[in-house]
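# Breakdown of the fold
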Amino acid sequence: MSLTQETVLEADEARVVYNEDSDTPVEAVRSISLDLRRGEVLALVGPSGCGKTTLFNAIAGLIPLQGGRVSVGGIEVEKASGHVGYMLQKDLLLPWRSVIDNVTLGLEVRGKPKGEARKIAQELIERYGLAGFENSKPSGLSGGMRQRVALMRTLAFEPEVILLDEPFSALDFQTRILLQSDVKRIIREEGKSVILITHDIGEAISMANRIVVLTNRPATVKTVHEVPWGDEVTDPVAVRDRPEYQEMFSKIWQELELAPRH
Amino acid sequence: MAMATDIGEAKTQTAAPPAPKRKPRKAAGRWRITAYQFGVLLALIALWQVGLWTGVLRPYIYGTPLGVLQSFATQIANGTLIWHFWVTAQEVVLGFVIGCSLGSLAGLLLWLSPLWAKILHPYMIALNGVPKIALAPLIIVWFGLGMESKIAIAAIITFIVAFLQAYKGTQEVDQDLIRLMKSLGASQWQTFRKIVMPGSVPWIVSALRLNVGFALIGAVVGEYISAEAGLGYMVYYSGQLYDLNSVWVGIFSLMIMALILEAVVARIEKLLDMEV
Ligand SMILES: Nc1ncnc2c1ncn2[C@@H]1O[C@H](COP(=O)(O)OP(=O)(O)O)[C@@H](O)[C@H]1O
Ligand SMILES: [Mg+2]
């Protein structure tokens, strides 16, 4: 899967202010412009509390913008309508549903008949190594497997854009590393366009095509880095030995360090 | 019985590794606990009897174990105990079913209208705080002296408890789940059916537990106030006549009814747990 220059998502001077009409408005996102190309993984790194999740909520149409615009597939986002697949640090699996019925959730919402939805889910489950667990309840799975189910749920829905908000940060180191390369491979195979929020610079470098570094709140784009091996499915551990990795790591590290604090 | 099923489960365990391990000594422990439970009962009766023999307890104020047994035998023989039991059981069960089902439904549906939830908020706090049994005299006036008024008392009290609990359940649903559903483009009704309703089941079930007690209180207090039949009526009437043995028979019968209802609710709880 090679990149085209086609843009699937575009943010144009997007601005979000919480409690704008109150005495204590909080400007979370100042003016963010970025574009996501089809088939690309774009990483967003930035200090915690700088407004990353806020930006995602705006892209998903869950909160309104106070300025600028966001469009997905050429259509301006006005409200939540299922144009994005959203995955969070919490897997948010429904404990009362089996694995397969968790995967079909989004398809059900879209009104797909149960039988068809299950067939799609079953295929994904088998393709990505969860066969045999279809009828297990999430409580019986490890944290890594649960996140995998959450990813299956997102993929089954076939959204235009996938938003991953620190999806691995609750996992232990080894599981995280494993899942990073797995998820990258899956995203590549499915040809998905993804924005990944992470505060792990290494994760950004090994998973993304481009990395956007954000400033402190209110978030603005500070720099954009092109990852030289962006399209390869890299081994997140082996990649650390490459000289470009070291170079990029310390550059981004410094940029985050230098972000002015309020 | 319990032993046999335990062994059966131990066998299937090798086939299904995720099943939690059972301790083999558990069955034996259970029998021991049952034995001790009976021991406590016997000890209490013995203490009662010793109190009577030594003159610490007066028989006409406290009744006697033998007298209770005799009263029980006569009332079984002439059918009055069964009759009172049956009347109260109907009141309790009908009140419970009506109150719990309508209350849970109303509490769940309130999630759909945040505006109404806000409007009703002070009323909910007031209802939660008031001793609900204080409504009983009013309800008797409205519904008359028959069984209907006792059913109504039990239903109204259990309604309030079920309503408040179910609504609380909807409020405790993870907001991120609701955010997820919205991002999937779900309608409010879809979120309600797929997330809020099943997510509130634990709260609804805990309300069932509480409501066994409330339904019993409602029916019995209703019978105290005014009735022609039922265990509450029997206890109250016998108390007026200083027939303490019959009072005990009534109280023990109520305890048995409570135990049966608790067991039924525990079974429902288990079923819902498997579904959910
Ligand atoms: N609903 C809200 N109302 C007011 N302020 C909020 C709200 N949500 C987030 N914030 C504030 O906006 C800022 C950015 O939050 P967030 O987007 O969650 O940061 P990040 O995901 O980058 O850690 C934080 O200072 C946070 O306190
Ligand atoms: Mg965040």
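Keep in mind that what you see is a predicted model, and the values were worked out from it rather than measured. (Residues numbered from 1 in each chain as written. Chains lettered and ligands numbered in written order. Predicted model: local features only at pLDDT ≥ 70, side-chain atom pairs only at ≥ 80, totals over all residues. Heavy atoms only, no water.)

Empty space among the atoms becomes visible once a probe the size of a water molecule is rolled across them. Residues and elements named next belong to chain B. Considered as a void within the structure, the largest pocket measures approximately 630 Å³ in volume. As for the largest pocket, its lining consists of 19 residues, and the residues nearest its centre are Leu-41, Ile-45, Trp-248, Phe-252 and Met-255. Elements represented by at least two residues in the lining of the largest pocket include exactly α2 (26-53), α4 (65-77), α5 (80-109) and α12 (244-275). Ranked by residue count, the leading element in the lining of the largest pocket is α12, at seven residues. A class-by-class count of the residues in the lining of the largest pocket yields 18 nonpolar, one polar and no charged. Counting only domains with at least three residues in the lining of the largest pocket, you end up with domain 1 (26-57) and domain 2 (60-275). (1 Å grid on protein atoms, 1.4 Å probe; cavity = no way out; pocket = protein on both sides within 12 Å on 5 of 7 lines; lining within 4 Å. Points joined across faces, edges and corners; volume = space filled by probe spheres on them. Helix = DSSP H or I, 4+ residues; strand = E, 2+ residues; numbered from the N terminus. Nonpolar A, V, L, I, M, F, W, Y, C, P; charged D, E, K, R; others polar. Domains from an automatic or database assignment.)

As a further point, take the pattern of salt bridges. Scanning the entire structure with this criterion turns up 23 salt bridges over all chains. Across the salt bridge formed by Asp-200 of chain A and Arg-176 of chain A, the nearest N and O atoms sit 3.5 Å from each other. Linking Asp-200 of chain A in the loop between β8 (193-197) and α7 (201-207) with Arg-176 of chain A in helix α6 (residues 173-190), this pair joins segments that are 24 residues apart in sequence. Two residues, Asp-176 of chain B and Arg-179 of chain B, come together in a salt bridge whose shortest N-O distance is 3.1 Å. Placement of both Asp-176 of chain B and Arg-179 of chain B in helix α9 (residues 175-183) is noted, with a separation of three residues, approximately one turn of the helix. Shared partners join several salt bridges into a network, and the residues in it are Lys-90 of chain A together with Asp-174, Asp-176 and Arg-179 of chain B. (Salt bridge = Lys/Arg side-chain N within 4 Å of Asp/Glu carboxyl O.)

The next thing to look at is the domain arrangement of chain A. Residues and elements named next belong to chain A. Taken domain by domain, chain A consists of domain 1 (7-83 + 160-256) and domain 2 (94-158). Taken over C-alpha atoms, the centre of domain 1 sits 25 Å from the centre of domain 2. With 14 residues of domain 1 at the interface, the matching set in domain 2 holds 14 residues. Between domain 1 and domain 2, a total of about 1100 Å² is buried, with carbon and sulfur atoms accounting for 64% of that surface. Taken as a group, Leu-179, Ile-186 and Glu-190 account for 35% of the area that domain 1 buries against domain 2, more than any other trio of residues on that side. Inspection of the domain 1/domain 2 interface yields two salt bridges. (Contact = heavy atoms within 4.5 Å. Buried area = accessible area lost by both parts, 1.4 Å probe.)

All names here are of chain B. A cluster of nonpolar side chains, contributed by Phe-38, Leu-41, Leu-42 and Ile-45, occupies part of the molecular surface with about 400 Å² of accessible area. Positionally, Phe-38 belongs in helix α2. A residue is classified by how much of its surface remains accessible, and Phe-38, at 53% relative accessible area, is exposed. (Patch = residues over 30% accessible without salt bridge, like charges linked within 9 Å, V, L, I, M, F, W, Y side chains within 5 Å. Areas by Shrake-Rupley, 256 points an atom, 1.4 Å probe, with all protein chains shown as cover. Buried < 20%, exposed > 50% of the residue type's maximum accessible area, 1.4 Å probe, protein only.)

Turning our attention to the packing of aromatic side chains. Residue and element names in this part refer to chain A. Counted by the stated rule, this structure contains ten aromatic pairs over all chains. Relative to Phe-249, the ring of Tyr-245 has its centre 5.9 Å away and its plane inclined at 35 degrees; by these criteria the two rings are tilted. Taken as a pair, Tyr-245 and Phe-249 lie in helix α8 (residues 243-258) at a separation of four residues, close to a single helical turn. Classification of Tyr-245 by relative accessible area gives buried; the value is 3%. Residue classification places Phe-249 among the partly exposed residues on the basis of a relative accessible area of 27%. Taken together, the aromatic side chains of Tyr-245, Phe-249 and Trp-253 make up a single cluster linked through ring pairs. Between Arg-110 and the ring centre of Phe-157, over which it is positioned, the NZ or CZ distance is 4.0 Å. (Phe/Tyr/Trp six-rings, centres within 6.5 Å; stacked < 30°, edge-to-face > 60°. Lys NZ or Arg CZ within 6 Å of the ring centre and 35° of its normal.)

So, about the interface of chain A and chain B. Every contact between the two is made by 22 residues of chain A and, on the other side, 19 residues of chain B. Each partner contributes to the roughly 1800 Å² buried at the junction of chain A and chain B, and carbon and sulfur atoms together form 66% of this total. Counting every contact that joins chain A to chain B gives three salt bridges. On inspection of chain A and its partner chain B, the count reaches seven residue pairs in polar contact (both at pLDDT 80 or more). Going through the elements one at a time, α1 (52-59), β6 (84-87) and α3 (105-109) of chain A are the ones with two or more residues in the side of chain A that touches chain B. Looking at the side of chain A that touches chain B, its residues break down into twelve nonpolar, five polar and five charged. (Polar contact = N/O pair within 3.5 Å; in protein donor to acceptor, adjacent residues only side chain to side chain.)

What follows covers the confidence of the model for chain B. Residue and element names in this part refer to chain B. This prediction gives chain B a mean pLDDT of 87; 89% of its residues lie at or above 70. Low pLDDT (under 50) marks residues 1-22, which in the prediction has ten contacts with non-local residues, meaning those over four places away or in another chain. For this predicted complex, the interface confidence reaches an ipTM of 0.85, while the overall pTM sits at 0.81. (pLDDT = per-residue confidence, 0-100.)

As a further point, take the domain arrangement of chain B. Residues and elements named next belong to chain B. Under the domain assignment, chain B is made up of domain 1 (26-57) and domain 2 (60-275). The C-alpha centroid of domain 2 is placed 30 Å from the C-alpha centroid of domain 1. Listed as interface residues are five residues of domain 1 and, on the opposing side, six residues of domain 2. On inspection of domain 1 and its partner domain 2, the count reaches zero salt bridges. At the boundary of domain 1 with domain 2, the tally comes to one residue pair in polar contact (both at pLDDT 80 or more). Tallied by class, residues from the side of domain 1 that touches domain 2 come to four nonpolar, one polar and no charged.

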